[in-house]
Amino acid sequence: RRVLFRSHLAEDLLLAEDHGIETGRHPEQVLNGFPLTAGVQVALDLLDRYEREAGKAGPSVEQVLDAFISPAIRFLRTAPEGPLCGQLLGRLHSEPGTLFHSIARKHFGQVLERFQAALRKSLPDLPREDFFWRLHFMIGAMAYTLGRSDVLDLISGGTVSPEAESATAQLIDF
């Protein structure tokens, strides 16, 4: 019942914002109703497994990206509240100002630090500036994929499905 209430709250917030109506609700209040921490923990557990299996060499870039991307996409494509959470995260990601930054630090700071370190280890020769540009593009592509999978249907004329495994593989290859 709590999740259903929060999902309706998210729908109301998104609808109100679409029509320029002030809701008085902070997006983080809505976001706190979704089980994001479970998805973050799945990502960290998967990264831990890949690191154990790889030993000192560390996991490949593809494994690090799989651990980063696949739990989020799987949650957003399979959980009842997933699509709304994806839309809200996509909106927050595109908002100017510091709102997204504070929410991202609170909910995803630990996971981002771990994945940055794992990616740096898997790309030791990549210049620092190039690394952060690529990380920026990866996060942007992932946010867009999570929040706007309907665009894939539109641009492909419905011939390409945004299902979780395909989306994960395509993002990793990208």
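Here is what the cut-offs are and how they apply
Residues numbered from 1 in each chain as written. Predicted model: local features only at pLDDT ≥ 70, side-chain atom pairs only at ≥ 80, totals over all residues. Heavy atoms only, no water. Helix = DSSP H or I, 4+ residues; strand = E, 2+ residues; numbered from the N terminus. Areas by Shrake-Rupley, 256 points an atom, 1.4 Å probe, with all protein chains shown as cover. Salt bridge = Lys/Arg side-chain N within 4 Å of Asp/Glu carboxyl O. Buried < 20%, exposed > 50% of the residue type's maximum accessible area, 1.4 Å probe, protein only. Polar contact = N/O pair within 3.5 Å; in protein donor to acceptor, adjacent residues only side chain to side chain. Contact = heavy atoms within 4.5 Å. Phe/Tyr/Trp six-rings, centres within 6.5 Å; stacked < 30°, edge-to-face > 60°. Lys NZ or Arg CZ within 6 Å of the ring centre and 35° of its normal.

Visitor: Where do I start with the overall build of the protein chain in this structure?
Guide: Scanning the protein chain for helices and strands turns up 9 helices and 0 strands. Helices (α) and strands (β) of the protein chain occur, in sequence order from the N terminus, as α-α-α-α-α-α-α-α-α. Put simply, the protein chain shows about 10,500 Å² of open surface, and 56% of that area lies on carbon and sulfur atoms.

Visitor: What's the story with the pattern of salt bridges in this structure? I'm lost.
Guide: One side chain can pair with another of opposite charge once the charged atoms of both are near each other. Scanning the entire structure with this criterion turns up 3 salt bridges. Between Arg114 and Asp48 there is a salt bridge whose closest N-O contact spans 2.9 Å. One end of the pair, Arg114, is in helix 6 (residues 99–122); the other, Asp48, is in helix 3 (residues 36–54), and 66 residues separate them in sequence. Arg114 sits in the partly exposed class, given a relative accessible area of 26%. Overall, the relative accessible area of 27% leaves Asp48 in the partly exposed class. Here Glu51 ties to Arg114 by a salt bridge, and the two come within 2.8 Å at their closest N and O atoms. Highlighted residues: Glu51 in helix 3 and Arg114 in helix 6, separated in sequence by 63 residues. Put simply, Asp48, Glu51 and Arg114 are held in one network by salt bridges that share partners.

Visitor: Teacher, can you tell me more about the side chain of Thr145 here?
Guide: Assignment of secondary structure puts Thr145 in helix 7 (residues 128–147). For Thr145, a relative accessible area of 19% corresponds to the buried category. Among the polar contacts listed, one links the side chain of Thr145 to the backbone oxygen of Ala141, at a separation of 2.8 Å. Filtering out sequence-adjacent residues up to four positions away, Thr145 remains in contact with Ile73, Arg77, Ala167 and Leu171.

Visitor: So what exactly am I meant to see when it comes to the packing of aromatic side chains here?
Guide: To describe a pair of aromatic rings, you give the distance between the ring centres and the angle between the ring planes. Here the structure, examined in full by the defined rule, presents 3 aromatic pairs. Over the aromatic face of Phe131 sits the side chain of Arg120, whose NZ or CZ is 4.6 Å from the ring centroid.

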